[in-house]
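Remarks on the overall topology
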Amino acid sequence: MQTKHFLSAFLLASFVYSAAAYERPFPLHAKRGTMTPAIYPAIIVDGKQRELSPGAQIFNADNTIEMPNSLRGSNIVVNFTENNQSQVHRIWMLSPQEASKPLPVQNR
């Protein structure tokens, strides 16, 4: 019986560890900047006011979607993509570990 509990605990710990090692895949064309929330649909990226695209999505460091009105803070390190109209379309708020890694090199 004790062996069964040990194995269950071991399997659970290994699943938790593998989930913590998950790296989010960012698009190769993603850019990095610092974001400060503004009045929707505006957003400040690298000190310049930008507009969110219709249907824009903002992912927090836990990779869950945040609503623009719930954002708090300033100078949040993010990766982001733009649509064809230069509106910010996807934003990923980075953890300190993700922010310390460079963006992938874009091949053109």
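The following refers to the structure shown. (Residues numbered from 1 in each chain as written. Predicted model: local features only at pLDDT ≥ 70, side-chain atom pairs only at ≥ 80, totals over all residues. Heavy atoms only, no water.)

To continue, consider empty space enclosed by the protein. The full count for this structure, using the stated rule, is 1 cavity of 30 Å³ or more. Of the volumes computed, that of the largest cavity is approximately 40 Å³. In terms of lining, the largest cavity is formed by Pro37, Ala38, Tyr40, Ala42, Ile43, Leu52, Pro68 and Leu71. (1 Å grid on protein atoms, 1.4 Å probe; cavity = no way out; pocket = protein on both sides within 12 Å on 5 of 7 lines; lining within 4 Å. Points joined across faces, edges and corners; volume = space filled by probe spheres on them.)

Next up on the list: the packing of aromatic side chains. Each aromatic ring pair is characterised by the separation of its centres together with the angle its planes make. Summed over the entire model, instances satisfying the criterion amount to 2 aromatic pairs. Centroid distance Phe26 to Trp92: 5.7 Å. Interplanar angle 75 degrees. Geometry classified as edge-to-face. Of this pair, Phe26 sits in the loop between helix H1 (2-20) and strand E1 (31-37) while Trp92 sits in strand E6 (residues 88-93); the two residues are 66 residues apart in sequence, bridging distant segments of the chain. Look at Phe59 and Trp92: their rings are 6.1 Å apart centre to centre, the planes differ by 10 degrees, and that puts the pair in the stacked class. Of this pair, Phe59 sits in strand E3 (residues 48-59) while Trp92 sits in strand E6, and the two are 33 residues apart along the sequence. Neither residue differs from the other here; Phe59 and Trp92 are each classed as buried. Feature note: the residues Phe26, Phe59 and Trp92 constitute an aromatic cluster, connected by ring pairs. (Phe/Tyr/Trp six-rings, centres within 6.5 Å; stacked < 30°, edge-to-face > 60°. Helix = DSSP H or I, 4+ residues; strand = E, 2+ residues; numbered from the N terminus. Buried < 20%, exposed > 50% of the residue type's maximum accessible area, 1.4 Å probe, protein only.)

Our focus in this paragraph is the pairing of E1. When E1 meets strand E5 (residues 76-82), the two strands line up antiparallel, connected through 5 bridges. Each residue of the ladder has a partner; that of Gly33, found in E5, is Val78. Summarising the sheet, E1 and strand E2 (residues 42-45) pair through 3 bridges and their orientation is antiparallel. Looking at E2, one finds that Pro37 is bridged to Ile43. Hairpin geometry of E1 and E2 is characterised by an intervening segment of 4 residues between the two adjacent antiparallel strands. (Pairing = 2+ DSSP bridges.)

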